[in-house]
Structure formats: C-alpha cells, structure tokens
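Working through the structure, step by step
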Amino acid sequence: MRHRKQVRVIIAIAIGCAYLALTFGLATAQNPPQPTPNRPVNKQRRDQQKTSPQRQEAQEERQSQDTLGVSIKIPTEMVQLDVKVTDHDNRPISGLTKSDFVVYEDKVCQNIESVSSDEAPVSIGLAIDTSGSMTPKLYTVSNAASGLIRQMRPDDEAFLAQFKTDAELVKEFTSDRRELEDALKQIYASGGTALLDAIIAVADHAHEKGKRRRKALVVITDGLEKNSSVKEKKVMEVIKEDEVQLYLVGFVDEGESGGLFGRSPAKRAKDLLSRLAEDSGGRAFFPSDVRETPAIAAQIAKDLRAQYVISYYPNNDRRDGSYHSVHVVVNNRKLIARTRQGYYAHN
C-alpha cells in the first residue's frame, strides 16, 4: 500500500513538470525574447561619443542650414551692371572705386556690394545690314567688322548675322576668329531693310545662345527703317529683357530733306539709333565717311573692355517679372556713367 502511494506521488510530480514545461514553451513561442542591439548601432554610438563638442556643433549647424535651405528660398538676387565711365570727350576713366559710385533703383539709393574693373569675356553678336542701299559701303564695312573680330580675346565668342527684309544667321557663336572672318565673305547686298525686326532677332539669339554674362550687339546699318513688323517700343522692351548692350554704327545719308515741319529721314534714323543704344547702355556712332569705320570698330572693342561691374542686392526683392529702372551716378560731376536703364526681375 505504501509503495502504491509513492508511485502515485511520483506520477503526479511528473505530470506537473510536464504541464509546466508545456505552458512555458507556449509562452516563449508567443513572446520571444528581444535581441540585443547589433554592432552598427553600438559603433554609431561610439562614434558619437568620440565626436568633439566643436565638431558636433558644426554638424548640427550644417544640418540646420540644410533644413533651412529646403524650406526657405531667399528671393533676392544680386544685380550686376556693366558701367562705362568717360569724360566729356568720351575718354574712358579707370581707377574708380565703390565710393565713387551711387546706384539708384526705382529712384531709391542702393547699397553697393562691390565694384570691379576686370576685363570680363564677352558674347558678341555682329549684325550687318546687307540691304540694297548698303551695296557701295559693304566692302569697307566688312573690313571694319573683320578688324573687330581680330580684336577678340581667346575667351570671347561671337556670331555673325546679316539682315535685309529678314535676319539670317551666317555663322553661329564661335571663338574661332578665322571662321568668323571667312563667314564675312559670304554676305551680299540686296533687298529692303527691316532694322527693328533684325535687332530683336539678334538680341534674342545673343541672350539664348551666348555663354558669357556680358553680351553686346554691334549693328552696322544705314538706319533706313522700312520693312519691320514691330515698333520701336517693342525693340526697347526686348533689349531690356535680353540684357544686351547695343552698339550701332549708322551710315545715315544727310541729303534728303524732311520738309518745312517734319524731321528728315536722316534725323529720324539718327534719333532712333541713339535712343536704342542709350537705353541698353551702349553707344551710337555716325561716321561721315566709311573710312572711319575701322577706328569705330577699335573704339567699340575698347569700350567693351573698359567697363566697371557694379554689384548690389536690391532693396526691393520682388521677383514678379516687373521692370525696375536703374540709374548710376559718379560722384565726380565731370564724369559720365553709361549703363542699361533697367532690368526685369524674374524668378
């Protein structure tokens, strides 16, 4: 009897152990133990511990800047003006500094950031009037254009166009002076004159294709506008939009009278060319003889080099496409500053 009681106790204990083992196994399967952190996490923490306070602060500052750079866009952009300064005899003046200039935008004085006089490379558009009225002048004009091409610097670039009733690209932008001079041999005179249409076409081309920040057009014409589809106001808008300096060489015939009350065709042509050049910060020349053209070409090349670059951040930072007028004054009243008369503030 006693033996049987011991057997029953042993069986009960065995059943109890089996039950506990089964219960623990199920609990473990349902709630597995979490693994310990792996090495990369520990390595990262060690790296953070090794980072000096100065480096940590710099990292946090960079991260803050990155975050700000994503979320905040500063709309203000630097405006750069190419400014020529001459005396009353059109002789260029060098050696001026920031304190010598005052810049007004929309009649509000601006804080000038910097003034430099580096000879920046130029994208030049050379457009020659090859209408029928230019036939007797074309040979000399081509030689003058060739002289201008020869004065290009290695980092300059230029294209050649001719215009009659339509503008035609003769040679695309290139820094190869020989290619440009060879292209001059392809031009020929015939037909009417669409001067204003041509200026818009070459200005747009210079703006879209020119690789240099400073862009200039040299247009040689007799100024007799007859066939354009646009008016002067439109040309002014395009010149401002494209931000090109316009140099005009006008062979204007003074012979024809305008009558008792009207201006002569020559006077109208001169006024038109002068206004276009002045608005862009360029210059108009009116040689009385074609033999003056090489000297004018040399003067234009000199003008393109002898320019100051005035940089400033405008007080009005709106980038809504509106037009902002610009006026530059030299403190010395005996000196004259020429630059574009404004710009369009785009995003």
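The structure under discussion appears in the preceding block.
Let me begin by describing the structure that accompanies this report. Bear in mind that the values here come from a model prediction, so they are computed numbers and not experimental data. (Residues numbered from 1 in each chain as written. Predicted model: local features only at pLDDT ≥ 70, side-chain atom pairs only at ≥ 80, totals over all residues. Heavy atoms only, no water.)

With that settled, the discussion passes to the overall build of the protein. Assigned secondary structure in the protein consists of nine helices and 14 strands. Scored against the burial criterion, the 347 residues of the protein give a buried share of 38%. Counting contacts in the protein only where the partners sit at least 6 residues apart, residues at least 24 apart contribute 78% of the total. For the protein, the accessible area works out to roughly 20600 Å², and carbon and sulfur atoms hold 52% of it. (Helix = DSSP H or I, 4+ residues; strand = E, 2+ residues; numbered from the N terminus. Buried < 20%, exposed > 50% of the residue type's maximum accessible area, 1.4 Å probe, protein only. Contact = heavy atoms within 4.5 Å. Areas by Shrake-Rupley, 256 points an atom, 1.4 Å probe, with all protein chains shown as cover.)

Further remarks concern the sheet that holds strand β13 (residues 336–338). Pairing in this open sheet of four strands is antiparallel, and the strands run β4-β11-β1-β13 from one edge to the other. Only two strands of the sheet have a single partner each, and these edge strands are β4 (112–116) and β13. Averaged over all pairs of adjacent strands, the angle between strand axes in this sheet comes to 30°, irrespective of strand direction. Relative to strand β11 (residues 308–312), β4 runs antiparallel, the two sharing four bridges. Residue pairing in the sheet places Val115 in a bridge with Ile310 of β11. (Pairing = 2+ DSSP bridges. Axes fitted to C-alpha atoms, helices over the stretch in contact; angles between N-to-C directions.)

At a minimum axis separation of 10 Å, helix α4 (residues 138–150) and helix α5 (residues 177–184) run at an interaxial angle of 175°. Looking at the two axes, α4 sits roughly antiparallel to α5. Between α4 and α5, the residues in contact are Ser142, Ala145, Ser146, Ile149 and Arg150 and Arg177, Leu180, Glu181 and Leu184, respectively. Grouping the constituent residues of the contact of α4 with α5 by class yields four nonpolar, two polar and three charged. (Parallel < 35°, antiparallel > 145°, perpendicular 65-115°, else oblique. Nonpolar A, V, L, I, M, F, W, Y, C, P; charged D, E, K, R; others polar.)

By themselves, these figures tell us nothing about what the structure is for.
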